[in-house]
Amino acid sequence: MRKISLDKLDQLFAEISSKSALYIPVDTAAGAKFEKYDGTKKMSDALNTVRSAKDFFFPQTENLVDFKVEGKTIEIKETVKEDEDFVVFGVRACDVKSFEILDRVFLADPVDNFYKNRRDHGIIVSMACTRPAETCFCQTFGIDATAPAGDIECHKTTDAVYLEAKTDKGAKLLKSLNALTEDADASAVEAQKAQTKEVFKKLPLAGLDASAFGDGKTNEFFNAPEWKTLSESCLGCGTCTFVCPTCQCYDIKDFNTGHEVKRFRCWDSCMYSDFTRMAHGNPRLTQVERFRQRFMHKLVYYPTNNEGIFGCVGCGRCMAKCPINMNIVKVMKKLGGNK
Amino acid sequence: MSIINDSLIPVIGVVTDIRIDTPDVKTFRVVTPDGKKAFDHKPGQCAMLSIPGVGEAMFSITSSPTNTEFMEFSIKKCGCLTQWLHAMEVGQQITIRGPYGNAFPVDTEFVGKDMLFIAGGIGLAPLRSVINYCRHYRDKYGKIDIVYGSRSMEDLVDYKEIIDEWVKDDGIDVHLTIDREQPEWTGHVGFVPNYVKELGFDTNKTAILCGPPIMIKFTLAGLQEIGFDKTQVYTTMELRMKCGIGKCGRCNIGSKYVCKDGPVFRCDQVDELPDEY
Ligand SMILES: Cc1cc2nc3c(=O)[nH]c(=O)nc-3n(C[C@H](O)[C@H](O)[C@H](O)COP(=O)(O)OP(=O)(O)OC[C@H]3O[C@@H](n4cnc5c(N)ncnc54)[C@H](O)[C@@H]3O)c2cc1C
Ligand code: SF4
Ligand code: SF4
Ligand code: FES
């Protein structure tokens, strides 16, 4: 394990950003968000960014391919790979785990090479949590926020940041920073971890249990009458899906610029009414079915297809952002509690 | 710098032949610019066709895999993209990617079986691929019955091929029907589900059902009435699709993705899915 004192953190950022693009969470008027380090930005102390870190690998919109259409002929202009490495610093345990959940979708055969390319070039420097929020329930899904992993795992104490490489990629980066860091023993980190774990035990959602859900539970929950009451005031705004680090639905849309056609992939939402609309009807006619889809996917369908792993990481973003104050915790309590 | 190769990026296809099947269905023959088949496929698989700037949609590959020269798509005009496709002339380039989906188990479960194909309207598109595959490897299958119905005589897709080829084959019985009487029509009149019951087939057959959801529902019920078990009946499902590879999250029924785990399902497997299709 290496460490660097807090007053030298800017030097560390300067060193990393001299070699590759570096993104750190910074405070903005709209809350914390990841921004490219420019030599002056300060790392936010906020618990987490408003939007998740999935944008780095699965951006909100991306250009898949361009076409030049002339008369009866079409020319395909393939997209060029961005092959520069980049570093994302300060990713929380929940978001680190969300990459694993997205990996199981985008890296499954056939591999999504847009996503894979970014995963290959991205280096994740995680940051352990010390002051979790009341909306946090990562522990429900077995995530240890005091050991967030990533390529390099960081722990910030009152006077230093401790860094430990977790992968070969991380080891290489950490080694390149040796001139700025010094060897450290783990005692300060261990003490802080133990303290934080006590805080986690006292969180309001500490007892939230997901074991009623999971692999093979489709028939048990699909026709539950509670979906109707739970979804009653859902506006179908899609906010929950956009802030969610594990939501993966996308649309493919063309844009004609006048001299070429650009094909984009953009985030979409199963909460939208036209998501599944077809010529002969819509299998999800009302918000009840759309709402059910979102939560069944996280709690039942995803685990069914992924050895029981849940599709939620308990980041609490949907709790913080839903305009009608609906969220996955309410769904779990209502449905799981009745069993 | 290198180029990203991805299954979402299509290749160019050239339309080399257009056949007018019915007032709203045309069949398009597609090859690559150098005159080859764009990719191999199995009966029942689909491809994403697109006109850049208009849209992209999924269509069954209606030609048989045994056709090594080109692919064919029978397309019903029903919206924005399909309208554009119908307006195409020979020589027009489109984009194509695939193949997508599972396929009918033509080389496993179907081998040695008597086959009963039942289609309604454009539902013949996925079946034509299997029918012609079975005709090509005729010895591998038993007797073949085909029940096909449409609204009117003019709405029967592939009518010429059916009359010129299928009905002339040994060991194939074709049973055509239309919904309402027409002066020129000497064949059967009535809806597919009732016709299937009237024909009253042996129940040792493997049945494949494709068509509008309502036709599938009533025909399946009819087959069960005459003694078929759901494990003997296959069908295809159709949901809105964007990616075709199980990632865009659009076509799931419960934990199954129709684009990847389907579109072919056995009817007892359909029963295991939640009722959302
Ligand atoms: C697995 C599969 C196989 C198919 N095979 C064939 C085939 O062989 N021949 C054929 O003619 N059609 C087939 N279809 C249907 C075909 O994809 C739609 O008709 C087509 O997407 C409509 O596109 P459009 O742009 O013309 O319509 P749009 O302008 O997009 O819309 C017209 C209406 O069709 C709806 N729609 C959009 N996508 C679909 C869809 N995938 N399925 C049904 N309705 C849709 C729209 O919501 C709207 O209500 C298949 C669909 C699937 C999923
Ligand atoms: S469902 Fe809510 S709590 Fe779970 S990962 Fe998504 S935004 Fe976070
Ligand atoms: S954020 Fe709330 S209101 Fe909006 S779609 Fe999600 S659950 Fe419904
Ligand atoms: S079409 Fe994208 S998941 Fe099936």
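Just so you know, these numbers come straight off a predicted model, no measurement behind them. (Residues numbered from 1 in each chain as written. Chains lettered and ligands numbered in written order. Predicted model: local features only at pLDDT ≥ 70, side-chain atom pairs only at ≥ 80, totals over all residues. Heavy atoms only, no water.)

Colleague: For this particular structure, what's the right way to read the overall build of chain B?
Modeller: Counting secondary structure elements, chain B contains seven helices and 15 strands. Its C-alpha radius of gyration of 18 Å places chain B within 12% of the 19 Å reference for a compact globule of 277 residues. Counting only C-alpha atoms and orienting by the principal axes, one finds that chain B spans roughly 65 × 45 × 35 Å. Counting over 277 residues, chain B shows a buried share of 60%. For chain B, the exposed surface amounts to about 11200 Å²; the carbon and sulfur share of it is 50%. Put simply, chain B has 30 plus and 38 minus side-chain charges, and the middle of one group is 5 Å from the middle of the other. (Helix = DSSP H or I, 4+ residues; strand = E, 2+ residues; numbered from the N terminus. Rg over C-alpha atoms; globule rule 2.2 N^0.38 Å. Buried < 20%, exposed > 50% of the residue type's maximum accessible area, 1.4 Å probe, protein only. Areas by Shrake-Rupley, 256 points an atom, 1.4 Å probe, with all protein chains shown as cover. Lys, Arg positive; Asp, Glu negative; His and termini not counted. Charge placed at Lys NZ, Arg CZ, Asp CG, Glu CD.)

Colleague: Before we go on, may I ask you to explain the site of ligand 3 in this structure?
Modeller: In the region of ligand 3, the neighbouring residues are Cys234(A), Leu235(A), Gly236(A), Cys237(A), Gly238(A), Thr239(A), Cys240(A), Met271(A), Cys322(A), Pro323(A) and Ile324(A). Classifying every residue of the shell around ligand 3 gives eight nonpolar, three polar and no charged. (Near = heavy atom within 4 Å. Nonpolar A, V, L, I, M, F, W, Y, C, P; charged D, E, K, R; others polar.)

Colleague: Explanation requested: the site of ligand 2 in the structure shown.
Modeller: Looking at ligand 2, there are 13 residues lining it, with Cys244(A), Cys312(A), Cys315(A), Gly316(A) and Cys318(A) nearest. Taken together, the residues that form the shell around ligand 2 break down as eight nonpolar, two polar and three charged.

Colleague: What is the right way to look at the packing of aromatic side chains in this model?
Modeller: Two aromatic rings, taken as a pair, are described by how far apart their centres are and by the angle between their planes. Residue and element names in this part refer to chain A. For the structure shown, the criterion picks out 24 aromatic pairs over all chains. Look at Phe137 and Phe141: their rings are 5.9 Å apart centre to centre, the planes differ by 55°, and that puts the pair in the tilted class. Here Phe137 falls in the buried class, since its relative accessible area comes to 0%. Owing to a relative accessible area of 13%, Phe141 belongs among the buried residues under this scheme. Between the NZ or CZ atom of Arg292 and the centre of the ring of Phe222, over which it lies, the distance is 3.6 Å. (Phe/Tyr/Trp six-rings, centres within 6.5 Å; stacked < 30°, edge-to-face > 60°. Lys NZ or Arg CZ within 6 Å of the ring centre and 35° of its normal.)

Colleague: Teacher, can you tell me more about the pattern of salt bridges here?
Modeller: For the structure shown, the criterion picks out 51 salt bridges over all chains. A salt bridge links Asp95(A) to Arg317(A); the shortest N-O distance between them is 2.8 Å. With Asp95(A) in helix 2 (residues 93-106) and Arg317(A) in helix 10 (residues 317-321), this residue pair connects regions lying 222 residues apart in the sequence. Where Asp24(B) meets Arg151(B), a salt bridge forms, and the shortest distance between an N and an O atom there is 3.7 Å. Linking Asp24(B) in the loop between strand 1 (11-22) and strand 2 (25-31) with Arg151(B) in the loop between strand 8 (144-150) and helix 3 (159-164), this pair joins segments that are 127 residues apart in sequence. (Salt bridge = Lys/Arg side-chain N within 4 Å of Asp/Glu carboxyl O.)

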